[in-house]
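One letter stands for each residue in the lines below.
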Amino acid sequence: EPQHCSGLEPAFQMQLVNGPWGDPALFVRIRWARRGLLFDLGSIATVPSGDLLRVSEVFVSHTHLDHFVGFDHLLRTVLGRDRVLSLFGPPGIIDNVEGKLRGYTWNLVEAYPLCLEVFEVDPDSVRGARFACREAFRRQDLAMRPFTGELWDEPGFRIRAAHLDHRIPCLAFAIEEPVHINIDKERLAGLDLPVGPWLSELKAKIRAG
């Protein structure tokens, strides 16, 4: 649940796609980056394609049907795009994704540059695999790295994970904004400074130190 001071715009806009009783899927807009994240992949048919095309990382708690059925819809939406889509999940997620990809025929995608990078989070390590569309999504294992609780870290936000017991391996996630930057537009006007793209550049430089 986002917390912020009165009068400050939150950095994240969060949408529980199917409400509290439908398939779990949380869409997070990162306001200043025109970018999106997905937490769990239940049915996402109601999410506009424009929002799905902004998704750069996906975090899956576990692969029960109601948490993972949206994978195919997301793949169909981004298939022809020149991008890398990163997906994080519990032990076994690489085999789960590979199984889904093997369920389709990929003989007409040689010109499609999409790549999926899938990372499974063990208690003390993260293993990865890359699936390139141009290679018919053939699996290529990546180097293993240690897991210390943090999955993603960049100047604007970080994402941590913890292991839970759901009678299967399961992950919980937290998204954090280390530094919140908000512009007082009245003071900006008092300095005769215009609102514009330079503010985004300024915020990025502050976040980067």
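Quick caveat, the model's predicted, so the values are computed rather than measured. (Residues numbered from 1 in each chain as written. Predicted model: local features only at pLDDT ≥ 70, side-chain atom pairs only at ≥ 80, totals over all residues. Heavy atoms only, no water.)

1. Focus: the nonpolar core
Cut-off, in case you're wondering: Here, the term nonpolar core denotes a set of buried Ala, Val, Leu, Ile, Met, Phe, Trp, Tyr and Cys residues that are joined through side-chain atoms within 4.5 Å. Three exposure classes are used, based on accessible area relative to the maximum for each residue type with a 1.4 Å probe and protein chains only: buried under 20%, partly exposed in between, and exposed over 50%. Every helix listed is a DSSP run of H or I at least four residues long, and every strand listed is a run of E at least two residues long, numbered separately from the N terminus. The contact definition used throughout considers only heavy atoms, calling two residues in contact when any of these lie within 4.5 Å.
Counting 32 residues, the largest nonpolar core has Leu 41 and Phe 137 as its most contacted members. Going through the elements one at a time, strand S4 (55–59), helix H3 (71–78), strand S5 (84–89), helix H4 (93–102), strand S6 (115–121) and strand S7 (125–132) are the ones with two or more residues in this core. Apart from residues lying up to four places away in sequence, Leu 41 is in contact with Pro 24, Val 58, Val 60, His 67, Phe 68, Val 69, Gly 70, Phe 71, Leu 74 and Leu 87. In this structure, Leu 37, Phe 39, Phe 88 and Leu 151 belong to the second largest nonpolar core, which totals 17 residues.

2. Regarding the packing of aromatic side chains
The condition that has to hold: Two rings from Phe, Tyr or Trp (for Trp, the six-membered ring) form a pair when their centres are within 6.5 Å of each other. A pair whose planes differ by under 30 degrees is stacked, one over 60 is edge-to-face, and the rest are tilted.
The tally for this structure, following the rule as stated, stands at 10 aromatic pairs. Between the aromatic rings of Phe 12 and Phe 157, the centroid separation amounts to 6.4 Å while the plane-to-plane angle is 90°, which identifies the pairing as edge-to-face. With Phe 12 in strand S1 (residues 12–16) and Phe 157 in strand S11 (residues 157–165), the pair connects residues that are 145 residues apart, well separated along the chain. Neither Phe 12 nor Phe 157 differs from the other in exposure class; each is buried. Seen in terms of ring centroids, Trp 106 and Phe 137 are 4.8 Å apart; in terms of plane orientation they differ by 70°. Their pairing is edge-to-face. A residue pair is termed long-range when its members are at least 10 positions apart, and Trp 106 in the loop between H4 and S6 and Phe 137 in the loop between S7 and strand S8 (138–141) qualify at 31 residues.

3. Considerations on the pattern of salt bridges
Two side chains of opposite charge can pair, provided their charged atoms sit close to one another. The line we're drawing: By salt bridge we mean one thing: a side-chain nitrogen of Lys or Arg within 4 Å of a carboxyl oxygen of Asp or Glu.
Enumeration according to the criterion identifies 14 salt bridges in this entry. Across the pair Lys 100 and Asp 72 runs a salt bridge whose closest N-O atoms are separated by 2.9 Å. You can see Lys 100 sitting in helix H4 and its partner Asp 72 sitting in helix H3, a full 28 residues away along the chain. The exposure class assigned to Lys 100 is partly exposed, which follows from its relative accessible area of 23%. Look at Asp 72 and you get partly exposed, because its relative accessible area is 23%. Here Glu 98 makes a salt bridge to Arg 102, at a shortest N to O gap of 3.0 Å. One end of the pair is Glu 98 and the other is Arg 102, both in helix H4 and 4 residues apart, which spans about a single turn. Residue classification places Glu 98 among the buried positions, given a relative accessible area of 13%. Connected via shared salt-bridge partners are Asp 95, Glu 98, Arg 102, Arg 139 and Asp 141.

4. Some remarks on the sheet that holds strand S12 (residues 169–176)
Applicable threshold: In this analysis, strands are considered paired if DSSP registers two or more bridges between them. Interaxial angles span 0 to 180 degrees and are taken between N-to-C directions of axes, which are lines fitted to C-alpha atoms, for helices over the stretch in contact.
With respect to topology, 3 strands assemble into an open sheet ordered S10-S11-S12, the strand pairing being antiparallel. Each of the sheet's edge strands pairs with one partner strand only, and the pair in question is strand S10 (150–154) and S12. Across this sheet, the average inter-strand angle for adjacent strands is 15°, counted without regard to direction. Sheet topology places S10 next to S11; 4 bridges connect them, and they run antiparallel. Counted as the bridge partner of Glu 150 is Arg 160 from S11.

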